[in-house]
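# Understanding the architecture of this molecule
The primary structure of each chain is shown beneath.
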Amino acid sequence: QQQVKQSPQSLIVQKGGISIINCAYENTAFDYFPWYQQFPGKGPALLIAIRPDVSEKKEGRFTISFNKSAKQFSLHIMDSQPGDSATYFCAASKRGGANNLFFGTGTRLTVIP
Amino acid sequence: GAVVSQHPSRVICKSGTSVKIECRSLDFQATTMFWYRQFPKQSLMLMATSNEGSKATYEQGVEKDKFLINHASLTLSTLTVTSAHPEDSSFYICSACNRDRGPNQPQHFGDGTRLSIL
């Protein structure tokens, strides 16, 4: 059973555009929502994370929007660059990031010049 | 900071061989390490959680006698795939965190080990 649902499966964006990836969850016990970036043959790297007490968090070109009532959260990549081309995973865990992470199915982002 | 090193990066071996994968936290103490498995173009699936000095906790459906996990020190955890078979071929990734610093500590991932069983 997929605890975190992610869409779209793949995304193609023009350089300079906005990439938007969405995730949804059911378990209200989740209280930590990170996004990871993974390049081929590498492990995931933490991009940005949010807790449910805030609705938005921004770090550079990356923004997480969080809707607690809808149990949804999304990643926005502003001014997308070819170097952002990678697979992005959302995740969720209970009682913080130091516990089991439930990953979404991933979104393969391609930014075309 | 927070570097996790995983070794080897790639293993190719014959069916029936046992393979050991190491996961090291280089610049922090990893009280907890996680082992994940990832099939091509799929998500990461948690296999087990190990706390330093304790037995690992395995997720449902993961054979603990098949996937032996040792976490004997605060900087090293190992995963041994015993008597590996072609269906064990996968990308194995570890992550580490320091729970002593609180529950909000992020997991830091290694670069994974590509295991191919012939």
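Higher on the page you've got the structure.
Residues numbered from 1 in each chain as written. Chains lettered and ligands numbered in written order. Predicted model: local features only at pLDDT ≥ 70, side-chain atom pairs only at ≥ 80, totals over all residues. Heavy atoms only, no water.

## Some thoughts on the interface of chain B and chain A
Opposite the 23 residues of chain B that make contact, chain A presents 21 residues. The interface formed by chain B and chain A holds 1 salt bridge in total. Across the pair Asp111(B) and Lys42(A) runs a salt bridge, and its minimum N-O distance is 3.6 Å. Joining chain B to chain A, the criterion identifies 6 residue pairs in polar contact (both at pLDDT 80 or more). Looking at the side of chain B that touches chain A, the elements that each hand over two or more residues are β4 (32–38), β5 (44–51) and β9 (90–97) of chain B. Taken together, the residues of the side of chain B that touches chain A sort by class into 10 nonpolar, 9 polar and 4 charged. (Contact = heavy atoms within 4.5 Å. Salt bridge = Lys/Arg side-chain N within 4 Å of Asp/Glu carboxyl O. Polar contact = N/O pair within 3.5 Å; in protein donor to acceptor, adjacent residues only side chain to side chain. Helix = DSSP H or I, 4+ residues; strand = E, 2+ residues; numbered from the N terminus. Nonpolar A, V, L, I, M, F, W, Y, C, P; charged D, E, K, R; others polar.)

## Description of the sheet that holds strand β7 (residues 62–67) of chain A
All names here are of chain A. Taken in spatial order, the 5 strands make up an open sheet running β1-β3-β8-β7-β6, and their pairing is antiparallel. Two strands lie at the open edges of the sheet, namely β1 (4–7) and β6 (56–59), each paired on one side alone. Going from strand to strand, the sheet's axes swing by 15 degrees on average, the running direction of each strand aside. Sheet topology note: the strand β3 (residues 19–25)/strand β8 (residues 72–77) ladder contains 6 bridges and is antiparallel. Bridge pairing links Ala 24 to Gln 72 in β8. (Pairing = 2+ DSSP bridges. Axes fitted to C-alpha atoms, helices over the stretch in contact; angles between N-to-C directions.)

## Structural notes on the packing of aromatic side chains
Residues and elements named next belong to chain A. Inspection of the entire model under this criterion finds 17 aromatic pairs over all chains. Where Phe 33 meets Phe 73, the ring centres are 5.0 Å apart and the plane angle is 55 degrees; that geometry is what we call tilted. Highlighted residues: Phe 33 in strand β4 (residues 30–38) and Phe 73 in strand β8, separated in sequence by 40 residues. The pair Phe 33 / Phe 73 is uniform in exposure class, with both members buried. Taken together, the aromatic side chains of Tyr 25, Phe 30, Phe 33, Trp 35, Phe 66, Phe 73 and Phe 102 make up a single cluster linked through ring pairs. (Phe/Tyr/Trp six-rings, centres within 6.5 Å; stacked < 30°, edge-to-face > 60°. Buried < 20%, exposed > 50% of the residue type's maximum accessible area, 1.4 Å probe, protein only.)

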